[in-house]
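As a plain string of letters, each chain reads:
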Amino acid sequence: FTGLYAQDIVNVRDVMTQGIVPWRHVNWNWAIERREIAMNRSPRKIVDLALTRRIASFISAIKLFESRFWRVPAATDVVNPWGVPYWIVKNATEGFNGTLPSGYTAVGGIVPSAFLNPDGTNKWANWTFQYSAVTRDDLIRKWRKAAEFCDFDTAAPDMPTFNTGDDCGYYTNWGVLGLLVEILQTNNDDLGPDIAAYEGKTAFMQKPVERVPQLEEDTTNPVYGINWGEFKIAGLRGEWLNETKIPIMPGQHTVSATFTDCTLQPFTRNRRRHFVGATGTTLPA
């Protein structure tokens, strides 16, 4: 705000910062012996042995992806990807306090303490809360607040954003989901003959609450809120499910093998659109 005939003051500020998200590489393979194919020909053929092994190798890769996606590697680890708990960090205090995973000094190459709002809240942090019980007055009340505070619009219309469209998902383990189902049943007297009418149908703000098997190992019973419009998995062009066939393996002249490679890394450009609530701040090893 200025007065009449005020002198112009031009002060161009640097309003951007640069993060660093290094690539991570993963490989899996399967092989078959030439005589195995010969012994598996029709009419003795029961299954397609080569296809079975290829599918099994992809299933093992999917299990590995799922496991690492919900883990934080050690700060010295330059091999494993930065999973969800690296970007969405637990904290016992309610608010935008999810800053640094244990052992790290930055997240995505950005130091959270260097970027604060005038009110002291962190610009490079996710929302956090701690709860004691899966009840309406505790977890659900704090969950509602987290979803509300992480759901905000840009400051001006048509402001450039990397958001590809808000698509929130909620993820937890059975220790939470099972009790949420019981709360639903308690609040509905008209269940009819179905004693598990809400099994697999639990939702929060019209979005399904999904059980993640990898979170069963987390004894703090976390609830993660992820906005998939902001949270992505980057893949290196030309290096996604890139298969290399080795017709003859060195030292094994009757064996052929297929190797599959991916170069990827999970990341988010806006940590304030995500949250995590839990009964504690520890993570599985």
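Look up: the structure comes first, before these words.
So, a few notes on the structure that sits alongside this text. Note that residues are indexed from 1 along each chain, following the sequence as it is written. Two thresholds apply to this predicted model, a pLDDT of at least 70 for residue-level local features and 80 or more for giving and counting side-chain atom pairs, whereas whole-chain, interface and lining totals are computed over all residues. Based on all heavy atoms of the structure, the side-chain values leave hydrogens and waters out of the count.

Here's the deal with the overall build of the protein
The secondary structure content of the protein amounts to five helices and 11 strands. C-alpha atoms of the protein, sized along the principal axes, occupy 90 × 65 × 35 Å. The buried label goes to any residue with under 20% of its type's maximum accessible area, the exposed label to any with over 50%, and the partly exposed label to all in between, with areas taken from a 1.4 Å probe on protein chains only. Classification of the 285 residues of the protein by burial places 37% in the buried group. Considering only residue pairs separated by 6 or more positions, the protein has 73% of its internal contacts joining residues 24 or more positions apart. Residue exposure ignores everything except the shown protein chains as possible cover, and the areas themselves are Shrake-Rupley values with a 1.4 Å probe. Total accessible area on the protein stands at roughly 17700 Å², and carbon and sulfur atoms take up 56% of it. This count recognises Lys and Arg as positive and Asp and Glu as negative, with His and chain-terminal groups excluded. A single reference atom marks each charge: NZ on Lys, CZ on Arg, CG on Asp, CD on Glu. For the protein, the distance from the average position of its 29 positive side-chain charges to the average position of its 30 negative side-chain charges is 8 Å. Each helix corresponds to a stretch of at least 4 residues labelled H or I by DSSP, and each strand to a stretch of at least 2 residues labelled E; elements are numbered beginning at the N terminus. Contacts are assigned to residue pairs with any non-hydrogen atoms lying within 4.5 Å of each other.

Re the sheet that holds strand S4 (residues 168–172)
The criterion for strand pairing is that DSSP finds at least two bridges linking the strands in question. A sheet is described by the order of its strands in space; here seven strands give the open sequence S2-S3-S11-S7-S4-S6-S5, paired in mixed fashion. Of all the strands in the sheet, the pair left with one neighbour each is strand S2 (95–98) and strand S5 (203–204). Here S2 runs beside strand S3 (residues 126–130); their pairing, made up of two bridges, is antiparallel. Within S3, the residue paired with Gly98 across the bridge is Asn126. The strands touched by helix H4 (residues 136–149) are S2, S3, S4, S5, strand S6 (207–211), strand S7 (223–227) and strand S11 (275–278); relative to S3, the strand with the most contacts, the crossing angle is about 170°. Contacts between helix H5 (residues 174–187) and the sheet are confined to S4, S6 and S7, with S6 contributing the most and set at about 135° to the helix. Each axis is a line fitted through C-alpha atoms, and for a helix only the stretch in contact is used; angles between axes span 0 to 180 degrees, taken between their N-to-C directions.

Some words on the packing of aromatic side chains
By convention, a stacked pair of Phe, Tyr or Trp rings (six-membered ring in the case of Trp) has centres within 6.5 Å and planes under 30 degrees apart, an edge-to-face pair has planes over 60 apart, and any other such pair is tilted. Under the definition given, this model contains 21 aromatic pairs. Arranged with centres 5.4 Å apart and planes meeting at 80°, the rings of Trp28 and Phe58 form a pair that is edge-to-face. Placement of the pair is Trp28 in strand S1 (residues 24–33) and Phe58 in helix H2 (residues 49–69), with a sequence separation of 30 residues. A residue is classified by how much of its surface remains accessible, and Trp28, at 7% relative accessible area, is buried. Seen in terms of ring centroids, Trp127 and Phe149 are 4.8 Å apart; in terms of plane orientation they differ by 40°. Their pairing is tilted.

Side note on the side chain of Arg71
In this structure, Arg71 sits in the loop between H2 and helix H3 (84–87). Judged by its relative accessible area of 8%, Arg71 falls in the buried class. What qualifies as a polar contact is a pair of N or O atoms within 3.5 Å, subject to a donor-acceptor requirement within protein and to the restriction that residues adjacent in sequence count only when both atoms come from side chains. Within polar-contact distance, the side chain of Arg71 engages the side chain of Glu217 at 2.6 Å. Those residues in contact with Arg71 that lie beyond four places of it in its chain are Pro81, Trp82, Gly83, Pro85, Gln214, Glu217, Pro284 and Ala285.

Observations concerning H5
Over its 14 residues, H5 runs 20 Å from end to end, which matches the ideal 20 Å to within 8%, given 1.5 Å per residue. Considered for burial, the residues of H5 that qualify are Val176, Leu177, Gly178, Leu180, Val181, Ile183 and Gln185. On its buried face, H5 sits against H4, S4, S6 and S7. Where H5 starts, the residue carrying a side-chain oxygen 3.2 Å from the main-chain nitrogen of Gly175 turns out to be Asn173. Given the number of residues in a helix, its expected span is that number minus one, multiplied by 1.5 Å.

Quick word on the environment of Ile246
With respect to the helices, strands and loops of the structure, Ile246 is situated in strand S9 (residues 242–246). With residues near it in sequence (within four places) discarded, Ile246 still touches Ser256, Ala257 and Phe259.

Geometry only, nothing functional implied.
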